[in-house]
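Observations on chain architecture
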Amino acid sequence: MARILSERDMTILKKAAPECTGLVCAGSGGPYRSILPPLANHYATDAEDFGKRLERLDDDDLRYLVGLVLDGSESLGCVPPEYIGIFLTFVDTRLGRDAALSILQCNESEDGCVR
């Protein structure tokens, strides 16, 4: 579900990608509507870098992101599968297996996450 990024969203994105100076997707020309897709596709140089960028987030940031994914506000649709795996492993390590499994089930369901 497309959304307008809140101040908290922008703070999290800039924490993970300090070089982020604008909130416009270079590819589409439209504003960013999520945090993880631009992090994966515009700022991380590879999967390892994506993981390092996630490490910059604290547990509150991560819980917030998980909540957005689960309520359908944060899109994983444009995030490469390998990066989703890294995100799931990161969530599992920091917040627990249940949180990671909830995201996995949500991402794999036909209906997607709750909207």
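Up top is the structure these notes are about.
Here we summarise the structure given alongside this text. These numbers come from a predicted model, not from an experiment.

1. A look at helix α4 (residues 59-70)
With twelve residues, α4 should cover 16 Å at 1.5 Å per step; its first-to-last C-alpha distance of 16 Å lies within 8% of that length. Residues of α4 that are buried include every one of Asp-61, Leu-62, Leu-65, Val-66, Leu-68 and Val-69, and no others. Considered in projection along α4, the buried side chains sweep an arc of 160° and stay on one side of the axis. The secondary structure elements touched by the buried residues of α4 are α1 (7-16), α2 (36-43), α5 (81-95) and α6 (97-108). The backbone nitrogen of Asp-60 has a side-chain oxygen 3.1 Å away, supplied by the residue at the start of α4, namely Asp-58. In the stretch just after α4, Gly-72 is the one whose phi turns positive, near 85°.

2. Describing the packing of α4 against α5
For the pair α4 and α5, the least separation of the axes is 11 Å and the interaxial angle reads 125°. As summarised for this structure, α4 and α5 are arranged oblique, according to the angle between their axes. When you trace α4 past α5, the crossing you get is left-handed. Mapping the contact onto sequence places Asp-59, Leu-62, Arg-63, Val-66 and Val-69 in α4 and Phe-87, Phe-90, Val-91, Arg-94 and Leu-95 in α5. Tallied by class, the residues present in the contact of α4 with α5 amount to seven nonpolar, no polar and three charged.

3. Some points on the pattern of salt bridges
Within the structure shown, the criterion is met by ten salt bridges. Ionic pairing is found between Asp-92 and Arg-97, a salt bridge with its closest N-O pair at 2.7 Å. Salt bridges sharing common partners tie together Arg-3, Asp-9 and Glu-74.

4. Focus: the environment of Leu-101
Positionally, Leu-101 belongs in helix α6. Through-space distance from the C-alpha of Leu-101 to that of Leu-88 is 8.0 Å; in sequence the pair is 13 residues apart.

5. Some thoughts on α1
Among all positions in α1, only Asp-9, Met-10, Ile-12, Leu-13 and Ala-16 are buried. Down the axis of α1, the sector holding all buried residues measures 160°, keeping them to one side. The inward-facing, buried residues of α1 contact α2, α3 (47-54) and α4.

Conventions and cut-offs
- The residue numbers shown here count from 1 along each chain, following its written sequence.
- Local features are withheld for residues below a pLDDT of 70 in this predicted model, meaning they are given only at 70 or higher, and side-chain atom pairs are given and counted only at 80 or more; totals for whole chains, interfaces and linings count all residues.
- Neither water nor hydrogens contribute to the side-chain values; these are computed over all heavy atoms in the structure.
- Note on conventions: DSSP H or I runs of at least 4 residues are helices, E runs of at least 2 residues are strands, and numbering of each starts at the N terminus.
- For a helix, the expected span equals 1.5 Å multiplied by the number of residues minus one.
- Only protein chains enter the accessibility calculation, which uses a 1.4 Å probe. A residue is then buried if its area is under 20% of the maximum for its type, exposed if over 50%, and partly exposed in between.
- Arc definition: directions from the helix axis to the C-beta atoms.
- Any two residues having at least one pair of non-hydrogen atoms within 4.5 Å are treated as being in contact.
- Whenever a nitrogen or oxygen atom comes within 3.5 Å of another N or O atom, the pair is scored as a polar contact, on the condition that within protein one atom can donate a hydrogen and the other can accept it, and that pairs from neighbouring residues in sequence are kept only if both atoms are in side chains.
- For helices, the fitted axis covers only the stretch in contact; all axes are lines through C-alpha atoms, and the angles between them, taken along N-to-C directions, range from 0 to 180 degrees.
- Any angle that falls under 35 degrees is termed roughly parallel, while one over 145 is termed roughly antiparallel, one within 65 to 115 roughly perpendicular, and all others oblique.
- Less than a right angle of anticlockwise turn of the near helix away from the far helix marks a crossing as left-handed, whereas a clockwise turn marks it as right-handed.
- The residue classification treats Ala, Val, Leu, Ile, Met, Phe, Trp, Tyr, Cys and Pro as nonpolar and Asp, Glu, Lys and Arg as charged. All others, Gly included, are polar.
- The rule for a salt bridge is simple: a side-chain nitrogen of Lys or Arg has to be within 4 Å of a carboxyl oxygen of Asp or Glu.

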